[in-house]
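Okay, here's what each chain looks like letter by letter:
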Amino acid sequence: MLSPGAVGKPMDRVDGRAKVTGSARYAGEPPVQNLAYAFIVQSTVASGMIRAIDTAPAMKAAGVIAILTHENKPAIVQPKPDFLTGGITAEVRLPLADNVINHAGQHLAVVVARSLDAAKHAASLIKIDYVSTEPLLDFLAEGAQKNAPPSFFGDEIQATLGKGGRGDVAAAMKAAEVSLTETYFTPAHNHNPMEPSATTAVFEGDRLTVYDSTQWVTGTRAVLAEAFGLPRENVRVICPYIGGGFGCKGFIWPHTILTAMAAKLAGVPVKMVLTRQQMFTSCGRRPPTRQTMNLAATKEGKLLAIRHDTLMAGSKIGMYMEVCAMGTSRVVYDSPSLEFTHEITPLNLPEPTFMRAPGETPGSFALESAMDELSYKLNIDPLELRIRNCAKDKHPFSGKPWSSYNLLQCYTQAAEKFGWKSRNPKVAGTKEGDLMVGMGMATAMFPGVRFGGVARIKMFADGKAILSTAAHDLGTGAYTVFAQMTADALGIDPENVKVELGDSILPPGPLAGGSNSTATVSVMIHAAAAALRESVGAVGVRGAGLVSAVKATGKPFVEATAPGVPGPELAESAFNSFGAHFVEVAIDPLMPRVQIRKVVSMFDVGRIVNPKTARSQGIGGIVMGIGMALTEETHHDARSGRIVNNNFADYAVPVNADIGPIEILFVDKPDTKFNPDGVRGLGEIGITGIAAAVANAVYHATGKRIRDLPILPDKLL
Ligand code: MOS
């Protein structure tokens, strides 16, 4: 009964039935009795302080159990950031630390009541006397203070992220036959996962159980344990299912800590679910960026210089930096000179954070738009310019050899499938009736990321197995692909594998971020499978032989636990995923709404474990990228700093009617240096490059170069 191999098969999601029948429990529906409900009171001013807060009338309202403010909060301690074994609070400032107000929407009080309605009503009765000061809200303001980015990664890493280079860009720019200097803008974005963030906290003596919508139960546990002065084993964080995160559930946000503080103060289990409006200020955003690109080239189109300077909006309460050049200008093309810088303007706005391909998403809009502009200056086909310059021999910044490199195949095969050859090189030269039609392309890129974790495999005498690790399925298919990889590691059918994730009592798993999970867990699974074989004296044996060896022990099951950690291979090779997007747009000049008629994208992300879930990931990234290209933009009021479009009517994410056919192709060659299954993650690469591909197609259709996202109709009139 040796399985012919589950990896590579388009298996249906193993959690599909639980999800569509509603038996999959999310953080907002915890199996907890005697629940009280929490509602947050948020600051209506962006800068200043609380002079006085009057909770007395609210305390008298029906059903109210407790009201938490900075004046009566239980003492908590500042958790130290710990990326490897612990967690990281997204905001450096602890919730309710003092009476200082850093942004509109800051949490100022939490009402706990017997019902959500009672909590909301009482919240409306709380009177706050503010001292309001002039907020800083414009990251481009003349003379605004700029910070060299601080760091939770440590100074050394941060220095290489923040700023660096080689060669002499200024000299190359001066000497070059063709050069370009352009500035690009990307707005603030919000993640908007379908499931809002939610936390339920239950204190039983010195034990704390938390149901939380998080991409990192292990990290959330570490932060809560440290904050409340509890040993880690006394804290349990549970999150078996997530309705999307995209980064806004990666680090630990104030609402999670606040819910535990409220439960402690109230002495009852407390549940808090953020409203859609609260999501816009409570769990991060992609910061707006201004990016200036300098490119220089020979007239044959060989790059001589790349300079990529980023200024972004930051907050007063965190350390997040959007590293726009790191995975883009530093990685994709070969150039003898390269410089990059990142700067932050700290503002009275919510703290930004990781959002799907942080850095690469806005960074690729600037780089891939600039490359397109350069191609027209050189009169070289945009695809050809990229083929001439892509760094195929080695990582252009670190100099390490690629573990596996197939970008040229992505360029040529996707171009062929799309019909790039039929493109009329003339700008604004293709019409279909009244419609202007254009084709654009861009490179996609994302690093191969692998963290560490521990897996446990339990194998039963009947041949069934359970894989357990505190990793996560964000809604992406991890339960399914982990079952497939475990099945192959043991040589059994995936139907016989059960996967347990998202609970901090399981062996520690990685943060579900940076598209790392499948690559990280592959190493963990194979290590645990090898340990299991060894423990039953069946080294190298899979399938029926392994089941017999388990049976021969006479025990009902055998289990083995093993870590999978980054090894020396990560220092020897450069691991990176690449891809190519091709986009066709049609635009009616009288009502210039950009219509996406067709997208063909091809990615090299190593081996494809499951073509069905992989395709969905590709489509999801591209749809989010189309949102970025055409509609998505978080606006704040220029005087008050309040978010003015904190709802799905005004913050427009794409719907089915906005999206044409999307075709996803994969190279599907195993990157065996990376992990036993040869996989690199694919949660994020899809969104990279897509906004530039759309903008490039819009330019080709109309002759209008939009350097300021989103591409709204008024910018094309
Ligand atoms: Mo992703 S932005 O690493 O959750």
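Described in the following lines is the structure provided in the data block. (Residues numbered from 1 in each chain as written. Predicted model: local features only at pLDDT ≥ 70, side-chain atom pairs only at ≥ 80, totals over all residues. Heavy atoms only, no water.)

**Focus on the overall build of the chain**
Within the chain one finds 17 helices and 24 strands. Computed over its C-alpha atoms, the radius of gyration of the chain comes to 26 Å, within 12% of the 27 Å expected for a compact globule of 717 residues. For the chain, the spread of C-alpha atoms along the three principal axes comes to 75 × 75 × 50 Å. Within the chain, the fraction of its 717 residues that count as buried is 61%. At a minimum sequence separation of 6, the contacts of the chain that also span at least 24 residues come to 82%. On the chain, roughly 26100 Å² of surface is accessible, and the fraction owed to carbon and sulfur atoms is 54%. Seen as two clouds, the 69 positive and the 67 negative side-chain charges of the chain have centres 2 Å apart. (Helix = DSSP H or I, 4+ residues; strand = E, 2+ residues; numbered from the N terminus. Rg over C-alpha atoms; globule rule 2.2 N^0.38 Å. Buried < 20%, exposed > 50% of the residue type's maximum accessible area, 1.4 Å probe, protein only. Contact = heavy atoms within 4.5 Å. Areas by Shrake-Rupley, 256 points an atom, 1.4 Å probe, with all protein chains shown as cover. Lys, Arg positive; Asp, Glu negative; His and termini not counted. Charge placed at Lys NZ, Arg CZ, Asp CG, Glu CD.)

**Quick word on the side chain of R533**
Relative to the helices and strands, R533 is located in helix α13 (residues 517-535). One buried charge, R533, has no salt-bridge partner; the nearest side chain with opposite charge is E534, at 8.5 Å. In terms of polar contacts, R533 uses its side chain to reach the backbone carbonyl oxygen of A489, at 2.9 Å. (Salt bridge = Lys/Arg side-chain N within 4 Å of Asp/Glu carboxyl O. Polar contact = N/O pair within 3.5 Å; in protein donor to acceptor, adjacent residues only side chain to side chain.)

**A closer look at the sheet that holds strand β23 (residues 591-604)**
An order of β16-β17-β22-β23-β24 is seen for the five strands of this open sheet, with the pairing classed as mixed. Both outer strands of the open sheet, β16 (431-432) and β24 (662-666), are each paired with one neighbouring strand and no more. Two elements, β16 and strand β17 (residues 435-447), share two bridges in a ladder whose sense is antiparallel. If you follow E432 over to β17, its bridge partner there is L435. The strands that helix α16 (residues 611-630) touches are β22 (576-588), β23 and β24; relative to β24, the one it contacts most, it runs at about 130 degrees. (Pairing = 2+ DSSP bridges. Axes fitted to C-alpha atoms, helices over the stretch in contact; angles between N-to-C directions.)

**A word on the side chain of Q215**
One can find Q215 in the loop between β10 (207-212) and α6 (217-227). A polar side-chain atom of Q215 sits 3.0 Å from the main-chain amide nitrogen of G247.

**Here we look at the pattern of salt bridges**
Enumeration according to the criterion identifies 28 salt bridges in this entry. Ionic pairing is found between R93 and D98, a salt bridge with its closest N-O pair at 2.9 Å. Looking at R93, the relative accessible area reads 16%, which means it is buried. In this structure, the salt-bridge partner of R386 is E368, at a minimum N-O distance of 2.6 Å.

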